[in-house]
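# Architecture and fold: a report
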Amino acid sequence: MEKGATVNIKDIERFKRFIRRFTVVLLMALLCCAVFMWMLSSLAGGEKQPSAAQNDVQRSNDVTSKGADAAQSSGEMAQPVQGISPDPQAATAYCLTLVNRTCKMAQNSAQDLVSIREYGNGCYALGYSNLQGNREAVLALNEMFAAAQEAGFHDFVVQSAYRSYKKQETLFKEEIKKYTNQGYSRAQAEQLANRTLARPGESEHETGLAFDLMIRNTTSLYDFEGTQNEKWIKQHCAEYGFIIRFPPDKEEITGIASEPWHIRYVGKEHARCITENKLCLEEYINALKG
């Protein structure tokens, strides 16, 4: 009996050691599984919630792609527009100069620039005293803001007008520096800067035909949006030869988000056609080219 008892005790001890080892192995396996699942969860979370920098750069890539595709299609996919007869010669008029990410402006090729301070009529203020614009466009500004005053709309400010290639280059470099100082790479900074500021040669301001508007005693262009002054401009600017260059429903074509403060001189007849047909400048030039 004692010998049998000894054998049973040994078997029990072996079984206990086996159980302990099995438990350790099982716990280690469970731990590895838990770590593996945590890693998968982290990776999945990273894909669903990219960093702010990644979001910003991706949005910038999307806008850049839209602008490039739209500008390319401007010359390849012209569609007939009711009420607009093809007129390729008219499409070459200076007031219809198309400037965007693929249709670039030659350096310092703006025509007939004048001082807005000297040619202005006092019906609007200037963000800077040395602003310049195309003569015909500045005279149209005078006419429009005089009418606005008569209608009871005051406090308009022309914040931006003509910019030289060099000025645009300086502004773009400053915008890049702002983002690199925040920790973005050079490539990321350029993409982010291009969301709100055109590269030199790609800005309508280099034509002298584009103007950014503000309201007196405000600090941002964005403050213009939603005001009664903005509504008046939207309703009446075409009567004086201007269009809202970047309307909210044309971003897929222009590549630029809505800018209700950015007006562009194209001449009264062109402005009427563009506005009545709810076109952007790219679409209108397509229609003229036929």
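Anyway, here's the lowdown on the structure attached to this text. (Residues numbered from 1 in each chain as written. Predicted model: local features only at pLDDT ≥ 70, side-chain atom pairs only at ≥ 80, totals over all residues. Heavy atoms only, no water.)

### Structural notes on the nonpolar core
Ranked by size, the top nonpolar core spans 53 residues in total, and within it Tyr124, Leu141, Met144, Phe145, Phe211, Ile233 and Phe242 carry the most contacts. For this core, the secondary structure elements donating two or more residues are α4 (135-150), β4 (156-160), β5 (210-215), α7 (228-236), β6 (242-246), β7 (259-265), α9 (268-276) and α10 (281-289). When residues in this core are grouped by element, the largest group, eight residues, is from α4. Listed in part, the eight residues of the second largest apolar core include Phe172, Ile176, Tyr179 and Leu192. (Core = buried A, V, L, I, M, F, W, Y, C linked by side-chain atoms within 4.5 Å. Buried < 20%, exposed > 50% of the residue type's maximum accessible area, 1.4 Å probe, protein only. Helix = DSSP H or I, 4+ residues; strand = E, 2+ residues; numbered from the N terminus.)

### A look at the side chain of His262
Mapped onto the secondary structure, His262 falls in strand β7. A distance of 3.0 Å separates polar atoms of two side chains, one belonging to His262 and the other to Asp212. When sequence neighbours within four positions are dropped, the list of residues in contact with His262 reads Glu204, His205, Ala210, Phe211, Asp212, Ile243, Ile244, Arg245 and Phe246. (Polar contact = N/O pair within 3.5 Å; in protein donor to acceptor, adjacent residues only side chain to side chain. Contact = heavy atoms within 4.5 Å.)

### Here we look at the pattern of salt bridges
The tally for this structure, following the rule as stated, stands at 13 salt bridges. Glu282 is the salt-bridge partner of Arg245, the closest N and O atoms lying 2.9 Å from each other. Here Arg245 is found in strand β6, whereas its partner Glu282 is found in helix α10, with 37 residues between them in sequence. Taking relative accessible area as the criterion, Arg245 reaches 1% and is therefore assigned buried. (Salt bridge = Lys/Arg side-chain N within 4 Å of Asp/Glu carboxyl O.)

### Describing the packing of aromatic side chains
Each pair of aromatic rings is reported with the distance of its centres and the angle of its planes. Counting across every chain of the model gives nine aromatic pairs. Each ring, one from Phe153 and one from Trp232, has its centre 6.1 Å from the other, and the planes form 35°; the classification is tilted. In this pair, Phe153 sits in the loop between α4 and β4 while Trp232 sits in helix α7, placing the two residues 79 residues apart along the sequence. Owing to a relative accessible area of 6%, Trp232 belongs among the buried residues under this scheme. Both rings, one in Trp232 and one in Tyr240, keep their centres 6.5 Å apart while their planes meet at 25°; by these two values the pair is stacked. Here the two residues Trp232 and Tyr240 agree in accessibility, since each one is buried. (Phe/Tyr/Trp six-rings, centres within 6.5 Å; stacked < 30°, edge-to-face > 60°.)

### Some thoughts on the environment of Glu206
Here Glu206 is to be found in the loop between α6 (186-196) and β5. Assessed through its relative accessible area of 4%, Glu206 is described here as buried. Along the backbone, Glu206 and Ser164 are 42 residues apart, and their C-alpha atoms lie at a distance of 5.6 Å. Leave out the neighbours within four places in its chain, and Glu206 touches Met105, Ala110, Tyr162, Arg163, Ser164, Tyr165, Gln168, Arg199, Pro200 and Gly201.

### Comments concerning helix α5 (residues 165-180)
Along its 16 residues, α5 runs 23 Å from first to last C-alpha, staying within 8% of the 22 Å computed at 1.5 Å per residue. Buried residues of α5: Gln168, Phe172, Glu175, Ile176 and Tyr179, and no others. Seen from one end, α5 has its buried residues packed into an arc of 100°, which puts them on one side. The exposed residues of α5 that point more than 90 degrees off its buried face are Lys166, Lys173 and Lys177. Looking at the buried residues of α5, the elements they touch are α6. (Expected span 1.5 Å × (residues − 1). Arc of directions from axis to C-beta.)

### Looking at the side chain of Asn142
For Asn142, the location among the structural elements is in helix α4. With a relative accessible area of 9%, Asn142 lands in the buried category. Setting aside chain neighbours within four positions, we find Asn142 in contact with Tyr119, Gly120, Asn121 and Tyr124.

### Structural notes on unusual backbone geometry
When glycine is set aside, most residues are seen to have a negative phi, and most peptide bonds are trans. With a phi angle near 55°, Asp112 is a residue other than glycine that sits in the positive phi range. One can find Asp112 in the loop between α2 (52-74) and β1 (113-115). Its relative accessible area of 42% is what places Asp112 among the partly exposed residues. Here Asp155, not a glycine, exhibits a phi torsion of approximately 65°, which is positive. Assignment of secondary structure puts Asp155 in the loop between α4 and β4.

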